[in-house]
Amino acid sequence: MSKKTIQDIDVTGKKVLVRCDFNVPQDENGNITDTRRIVGALPTIKYLLEHNAKVILCSHLGRPKGEVNPKFSLEPVQKELSKELGIEVKLASDIIGESAKTLTSNMKEGEVVLLENVRFDKREEENDKEFSKELASLAEIYVNDAFGTAHRAHASTAGVSEFLPAVSGFLIEKELKFLGDALNNPERPFVAILGGKKVSDKIMVINNLLEKVDTLIIGGGMAYTFLKAQGMNIGTSVCEDDKIELAKELLKKAEEKNVKLILPEDVVIANAFDENAESKVVKANEIEDGWMGMDIGPATISKCKEVLQNAKTIMWNGPMGVFEMSKFACGTNEIAKILASLDATTVIGGGDSASAVEKAGVSDKITHISTGGGASLEFLEGKVLPGIDCLEDK
Ligand code: AMP
């Protein structure tokens, strides 16, 4: 079911509370080191301003754990936003207190007020009803545009929707379009690539994707639990022994569902978890004792390329190896470059794979890079995200 967006309602003259994701990285002096989350929020804010709304912004920043802590103040965000918008954004010194009430009560059309960090009040994460009601009372319409926290049922991400008409902003609309279409209405062949360290983190994702994809490529540390489940010696590679039975079940499910499952056929192994360790390429079934798999090998990369070249939709989550060490980043980089070269819909599920495409310098050649690591994983698991579920259906 698609959700209403800010384009589906009349915002003229209305006070609109927008939940943004201003959880920006900062250096030790509080300077913002990457403004992309702020820049990403601008289209929604500008649309509202152009349509004569009174814009009230809110967000969390860091983990102040329900207490006021100047270290996590949104002041640096206020300054950056004022610069980007070319108007003065006023910062309330609280969330639902005197300052917020005073600043929002006499707003004119085209004005912007930013509330202080919503996590300065512990009732935010508790999704407290009274807190949600007070927050909602500042505005007449609620817009959620923070995909990164849409998997959390907090007051500002879901609770307020009980008291206000609730719609999505452009960022969430885009996430739903690309993640949702890829998952539920993909142009086929649909190939998913999963990597990362642990199988246990992605069991639900694998399970859900096996219902949807034509081919599933499994790389990264999690591949070794599958290789061991197939009876191979994996040396000292990462492995979750308590998940071997489950890996067997997933292998069986893939067969039953006619999903082609690709596991590494060769791997780069090392004699220590170290950039300077001795390393070599071996067949996946020839890992020696005392050696660990650190990356997929060249034959596996070629195999992936062959499969990916025919794909029309590709979803990627998780690195193919220990990509933080340049010696073992080749598999991850190559997958990023292959994706960038294809005439297909390519969707990256945030986190490490997003930084991998960036590192490879090919972000602009990817159809969609999700802004929410945890949220996009839960989306791929087929879960209903509270911050999206609470928005009005079209
Ligand atoms: P995740 O957060 O589950 O997506 O996992 C990402 C992490 O998996 C990265 O820090 C990688 O270094 C790690 N990783 C990928 N491949 C391997 C591997 N073969 N052995 C150990 N760690 C790995």
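Note: the structure precedes this text.
Residues numbered from 1 in each chain as written. Predicted model: local features only at pLDDT ≥ 70, side-chain atom pairs only at ≥ 80, totals over all residues. Heavy atoms only, no water.

> I keep staring at the sheet that holds strand S2 (residues 54-58) and nothing clicks. Help me out?
Within a sheet, neighbouring strands are paired by backbone hydrogen bonds and run either parallel or antiparallel to one another. Read across the sheet, 6 strands follow the order S3-S4-S2-S1-S5-S6 without closing on themselves; strand pairing throughout is parallel. Looking along the sheet, the strands with just one partner apiece sit at the ends: strand S3 (90-91) and strand S6 (166-168). In this structure, strand S1 (residues 15-19) lies alongside strand S5 (residues 141-144), joined through 4 bridges in parallel fashion. Looking at the pairing, Val 18 lines up with Val 143 of S5. (Pairing = 2+ DSSP bridges. Helix = DSSP H or I, 4+ residues; strand = E, 2+ residues; numbered from the N terminus.)

> Is there a simple way to explain the nonpolar core in this structure?
Among soluble globular proteins, nonpolar side chains are generally buried collectively. Among the nonpolar cores identified, the biggest contains 47 residues, and Phe 147, Ile 206, Leu 216, Ile 218, Phe 226 and Met 315 are the most heavily contacted of them. Taken together, the elements giving at least two residues each to this core come down to helix H5 (170-184), strand S7 (190-194), helix H6 (203-209), strand S8 (215-218), helix H7 (223-229), helix H8 (244-256), strand S10 (266-270) and helix H12 (373-380). Looking at which domains feed residues into this core, each of domain 1 (6-173) and domain 2 (186-380) supplies at least three. If sequence neighbours within four positions are ignored, Phe 226 has contacts with Val 199, Ile 206, Ile 218, Ala 247, Leu 250, Leu 251 and Leu 263. (Core = buried A, V, L, I, M, F, W, Y, C linked by side-chain atoms within 4.5 Å. Buried < 20%, exposed > 50% of the residue type's maximum accessible area, 1.4 Å probe, protein only. Domains from an automatic or database assignment. Contact = heavy atoms within 4.5 Å.)

> When you look at the packing of aromatic side chains in this model, what are you seeing that I'm missing?
Here the distance between the centres and the angle between the planes together describe a pair of aromatic rings. Under the defined criterion, the tally for this structure stands at 1 aromatic pair. Judged by centre distance (5.4 Å) and plane angle (90°), the ring pair of Tyr 47 and Phe 170 falls under edge-to-face. A residue pair is termed long-range when its members are at least 10 positions apart, and Tyr 47 in helix H1 (residues 36-50) and Phe 170 in helix H5 qualify at 123 residues. Note on Tyr 47: relative accessible area 14%, which makes it buried. The ring centre of Phe 178 lies 5.2 Å from the NZ or CZ of Lys 177, which sits over that ring. (Phe/Tyr/Trp six-rings, centres within 6.5 Å; stacked < 30°, edge-to-face > 60°. Lys NZ or Arg CZ within 6 Å of the ring centre and 35° of its normal.)

> Just checking my understanding: could you explain the sheet that holds strand S9 (residues 260-262) for this structure?
Sheet architecture is open: 6 strands sit in the order S9-S8-S7-S13-S14-S15, paired in parallel fashion. The outermost strands of the open sheet, each flanked by one partner alone, are S9 and strand S15 (368-369). Two strands pair when backbone bridges link them, and S7 and strand S13 (residues 313-317) are joined in this way by 5 bridges, in the parallel orientation. Considered in S13, the bridge of Leu 194 is made with Asn 317.

> Would you mind showing me how to read the site of the ligand here?
Looking at the ligand, there are 16 residues lining it, with Lys 197, Gly 221, Gly 293, Glu 324 and Asp 352 nearest. Here Gly 221 contributes a backbone N or O atom positioned 3.0 Å from a nitrogen atom of the ligand. Here Gly 293 contributes a backbone N or O atom positioned 3.0 Å from a nitrogen atom of the ligand. In the complex, 82% of the free accessible area of the ligand, which totals 500 Å², lies under the protein chains. Taken together, the residues that form the shell around the ligand break down as 6 nonpolar, 5 polar and 5 charged. (Near = heavy atom within 4 Å. Polar contact = N/O pair within 3.5 Å; in protein donor to acceptor, adjacent residues only side chain to side chain. Areas by Shrake-Rupley, 256 points an atom, 1.4 Å probe, with all protein chains shown as cover. Nonpolar A, V, L, I, M, F, W, Y, C, P; charged D, E, K, R; others polar.)

As far as function goes, none of this settles anything; it's purely spatial.
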